[in-house]
Amino acid sequence: MACLYCGDGTYLKNPDEVSRKLCAMVNKLKPDVVMCGPCFNYLNYGKMAARIAYDINQNTSSKAIAAMSDDNQETINEYKDKLCIIKTPKKGGIGLNESLEGMCVLAKALYQEKEIEEFKEKILFLGCCLASFLLGGKKMWGIIATWRMAVEGISEASHILQEKGDAGDAIETAIKAVEDFPYYKSVGYGGLPNEEMEVELDAAYMDGNTLSIGAVAAIKDFANPVSIARRLSKEKVNNILVGEGAEKFAHKEGFERKNMLTDRAKIHYRNRVKEVREQEIKPYAGHDTVGMVCLDQQGKMTSATSTSGLFMKKKGRVGDSPIAGSGFYVDSSVGGASATGLGEDLMKGCISYEIVRLMAEGMHPQAACEKAVNQLDHRLKERRGHAGDLSLIAMNNKGEWGVATNIEGFSFAVATENQEPIVYLTKNKDGKCIHEVASQEWLDHYMKTRMAPLEEK
Ligand code: GLY
């Protein structure tokens, strides 16, 4: 064989092991040339590709060449005197998605413009995902969610993901667990009603491979709005349905009907009506959406949300949760984000899309979340004198995650291949968000207060 093309192996956990195993493989196959290129240039994976090429040159008799675009400038500077680096012309890398195109760029450079068919015979293509497979590496998976209430759901989802299940099934399972639990008063069954004492629910689902979106808004009397949203994402058109139209669709498709207004929610409602009358308290407080981002072992990413929206909202009010780009967004080639807080303000920044956009530029999810939340918070205060609650979670397609908030003590839950399901609390200190694992005391208190008997005032 003339040439071995190898991806960056970034998905594997241990770079030393990747490098050692690849060198052993090269020593066995003895190709003339090994081409090493990152899967996605814009994520700066070039560093790993360059390191592999360098190690191959040191430890084998084959000649290794690295290939990457200007997006990896730091790596190019570091290795330019130690390694032959071919510049690829565009963003997007030479592995995975653009494999053939990238391979041809390299092949043309090496074989002086011969026809592509000829190159194919001479090159063994070993992209990073295939490399992971051949080298027996485990693939990353992960799921992150807003609020403590999601932790049981993400635990269920993590079993699905561990067993190589689909990110769509995993996220739907996780959100349904929150929708079905009667003591969470902001999502699904037991969600708090609007000012006419009706429970109107919003939910959404997005597939990061196809970019398909489905959503329902102001839907009443159905048990699992997220499942209806997912079903709608499979339609070519009519992906977002509201109110009666959404109910008609759900009924026709056989989704479970359920009166979502619990006795407990009625007591909350009556108490709030009294408070508003007696103390002139604003009715818009105490709400929280469950929003999630999920990555499966096949590299597919999904995002989904579900909420009863603002307590005492106007009939027909729609928040950010079913709005793509605001309440959620995901693209498997980059990552995803989801929001909770005051929908009216979250929508002013299209904040979930903004975080994905920043990650696509190469930012870590934590930096992307902090930048987007801090900027929107600042902009809202500057232009309007006040910013509502803004809390965001994000994960990239390597399973790295980030969270940012402008409130005290925002809780979130996360599980990955490397991490058991865990609840964190975070706070924003001078623009930096500091996450702390929630103590057992905090977790116990949370559940106790959610389930404490409720007195009518
Ligand atoms: N973020 C949920 C809502 O405003 O409805």
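Residues numbered from 1 in each chain as written. Predicted model: local features only at pLDDT ≥ 70, side-chain atom pairs only at ≥ 80, totals over all residues. Heavy atoms only, no water.

A.B. asks: Break down the sheet that holds strand β17 (residues 419-429) for me, citing the residues and quoting the values.
C.D. replies: Strand order in the open sheet formed by 9 strands is β9-β8-β7-β11-β10-β6-β16-β17-β18, with mixed pairing between adjacent strands. Unpaired on one side and paired on the other, β9 (240-242) and β18 (432-437) mark the two borders of the sheet. Neighbour to neighbour, the strand axes of the sheet diverge by 15 degrees on average, direction disregarded. Relative to β17, strand β16 (residues 410-416) is paired through 6 bridges, and the arrangement is antiparallel. Residue pairing for β17: Phe-410 is matched across the bridge by Thr-426. Against the sheet, helix α10 (residues 243-252) makes contact with β8 (213-219) and β9, and its axis sits at roughly 110 degrees relative to β9, the strand it touches most. (Pairing = 2+ DSSP bridges. Helix = DSSP H or I, 4+ residues; strand = E, 2+ residues; numbered from the N terminus. Axes fitted to C-alpha atoms, helices over the stretch in contact; angles between N-to-C directions. Contact = heavy atoms within 4.5 Å.)

A.B. asks: Can you lay out the packing of aromatic side chains for me, pointing to particular residues and giving the numbers?
C.D. replies: One pair of aromatic rings is described through two measures. These are the centre distance and the angle between the planes. Enumeration according to the criterion identifies 10 aromatic pairs in this entry. Members of the aromatic cluster, joined through ring pairs, are Trp-147, Trp-401, Phe-410, Phe-412 and Tyr-424. Sitting above the plane of the Tyr-54 ring, Lys-82 keeps its charged end 5.9 Å from the centroid. If you follow Lys-258 out to its NZ or CZ, it ends over the ring of Tyr-189, 4.2 Å from the centre. (Phe/Tyr/Trp six-rings, centres within 6.5 Å; stacked < 30°, edge-to-face > 60°. Lys NZ or Arg CZ within 6 Å of the ring centre and 35° of its normal.)

A.B. asks: Go over the site of the ligand with me, naming the residues and quoting the values.
C.D. replies: The local shell around the ligand consists of Thr-289, Gly-309, Arg-317, Gly-319, Asp-320, Ser-321, Gly-341 and Gly-343. Contact between the ligand and Thr-289: a nitrogen atom at 3.2 Å from a side-chain N or O atom of the residue. Taking Arg-317, its side chain carries an N or O atom lying 2.6 Å from an oxygen atom of the ligand. Here the ligand loses 100% of its free accessible area of 200 Å² to cover by the protein chains. Taken together, the residues of the shell around the ligand break down into no nonpolar, 6 polar and 2 charged. (Near = heavy atom within 4 Å. Polar contact = N/O pair within 3.5 Å; in protein donor to acceptor, adjacent residues only side chain to side chain. Areas by Shrake-Rupley, 256 points an atom, 1.4 Å probe, with all protein chains shown as cover. Nonpolar A, V, L, I, M, F, W, Y, C, P; charged D, E, K, R; others polar.)

A.B. asks: Explain the environment of Gly-165 to me, and be specific about the residues and the numbers.
C.D. replies: Tracing the backbone shows Gly-165 in the loop between α7 (151-162) and α8 (167-180). You can call Gly-165 buried: its relative accessible area is 15%. In this structure the C-alpha to C-alpha distance between Gly-165 and Gln-297, which are 132 residues apart in sequence, comes to 7.7 Å. Among residues more than four places away in sequence, those in contact with Gly-165 are Ile-160, Asp-296 and Gln-298. (Buried < 20%, exposed > 50% of the residue type's maximum accessible area, 1.4 Å probe, protein only.)

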